[in-house]
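Analysis of the macromolecular model
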Amino acid sequence: AGDDSSESTPVVTGELSFTGMTLSDITFFESGNGVITTGIANTFSVEESAVTVEFSSASRRKQKRRRLDEGGVICSYSIEVESEDAGEALVDLIADTEPTTLTENVQTAAQEAGAESAFAELVTADIVTPTITVTDEDDDDVYSYPYNRK
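Counting restarts for each chain, with residues numbered from 1 along the sequence as it is written. Owing to the predicted nature of the model, reporting of local features is limited to residues with pLDDT of at least 70; listing and counting of side-chain atom pairs is limited to 80 or more, with chain, interface and lining totals taken over all residues. Just so you know, side-chain values use all the structure's heavy atoms and leave hydrogens and water out.

**With respect to the packing of helix H2 (residues 35-44) against helix H4 (residues 99-112)**
- Geometry is summarised by axes, namely lines fitted to C-alpha atoms with helices restricted to the contacting stretch, and by angles between N-to-C directions that run from 0 to 180 degrees. Helix and strand definitions follow DSSP, with helices as H or I runs of at least four residues and strands as E runs of at least two, each counted in order from the N terminus. Interaxial distance between H2 and H4 falls to 8 Å at its minimum, and their mutual angle equals 130°. Considering their axes alone, H2 and H4 lie oblique with respect to each other. In this structure, H2 crosses over H4, and the sense of that crossing is right-handed. Where H2 abuts H4, its residues Val 35, Ile 36, Thr 38, Gly 39, Ile 40, Asn 42 and Thr 43 lie against Thr 101, Leu 102, Asn 105, Val 106, Ala 109 and Ala 110.
- Among the residues making up the contact of H2 with H4, the classes are represented as 7 nonpolar, 6 polar and no charged. The cut-offs work like this: below 35 degrees is roughly parallel, past 145 is roughly antiparallel, 65 to 115 is roughly perpendicular, and the gaps in between are oblique. Helix crossings are classified by the rotation of the near helix relative to the far one: an anticlockwise turn of less than a right angle makes the crossing left-handed, while a clockwise turn makes it right-handed. Throughout, a residue-residue contact means that at least one pair of heavy atoms, one from each residue, lies within 4.5 Å. By the convention adopted, Pro, Cys, Tyr, Trp, Phe, Met, Ile, Leu, Val and Ala count as nonpolar, Lys, Arg, Asp and Glu as charged, and the other residues, Gly among them, as polar.

In structure tokens, the structure reads:
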């Protein structure tokens, strides 16, 4: 990106929820071959290197989201984008993505990684509308906002 004096790195962050796999299974396969990261990158048309994921058990957060089944897994992700416009376009894409599309892309990634049977029961339960966070490197200002389409 160069030494632009107003350099900022917008990041799109959001949450996905999966059922059909345990937190330990997903964590194990993600550390080995990044199946979920690949699925997210392919679904949202971004580079895998731009995607960061973190997993937690959905059952601990059950009160917050009643529709999740016990044993589900929450995937918190962040995707670095080149500009706020790119971030807003990505939010639109994510908001329009059907959970089944993400499930299929994760299962394809699992197949390519030789982990097809481990992900056979995986279902994307929910794709939460993400937010955009922009960090200005000059003055360390950080602002975050949910992008609402007109």
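**Quick look at the nonpolar core**
- Take the buried Ala, Val, Leu, Ile, Met, Phe, Trp, Tyr and Cys residues and link them wherever side-chain atoms come within 4.5 Å; each set so joined is a nonpolar core. Each residue is placed in one exposure class: buried if its accessible area under a 1.4 Å probe, protein chains only, is under 20% of its type's maximum, exposed if it is over 50%, and partly exposed if it falls in between. By size, the foremost hydrophobic cluster in this structure holds 33 residues, and its most contacted members are Ile 36, Ile 40, Ile 79 and Phe 119.
- Among the elements that make up this core, the one with the highest residue count is H2 (5 residues).
- Those residues within four positions of Ile 40 in sequence are excluded, and the remaining contacts are Leu 16, Val 51, Val 53, Cys 75, Tyr 77, Ile 79 and Leu 102.

**What to know about unusual backbone geometry**
- One non-glycine residue with positive phi stands out, namely Ser 45, at about 55°.
- Among the secondary structure elements, Ser 45 is positioned in the loop between H2 and strand S2 (51-57).
- By relative accessible area, Ser 45 is classed as exposed at 62%.

**Description of the pairing of strand S1 (residues 8-19)**
- Here S1 lies mainly inside the structure; 9 of its 12 residues are buried.
- At least two DSSP bridges between two strands are required for those strands to pair. Note: S1 against strand S3 (residues 73-80), 8 bridges, orientation antiparallel. Paired with Thr 13 across the two strands is Ser 78, which belongs to S3.
- As judged from the 4 bridges shared by S1 and strand S4 (residues 123-127), these two strands associate in the antiparallel manner.

**Examining the pairing of S3**
- Of the strand pairs in this sheet, S2 and S3 are connected by 7 bridges, and their pairing is antiparallel. Along S3, the bridge assignment pairs Ser 57 with Val 73.

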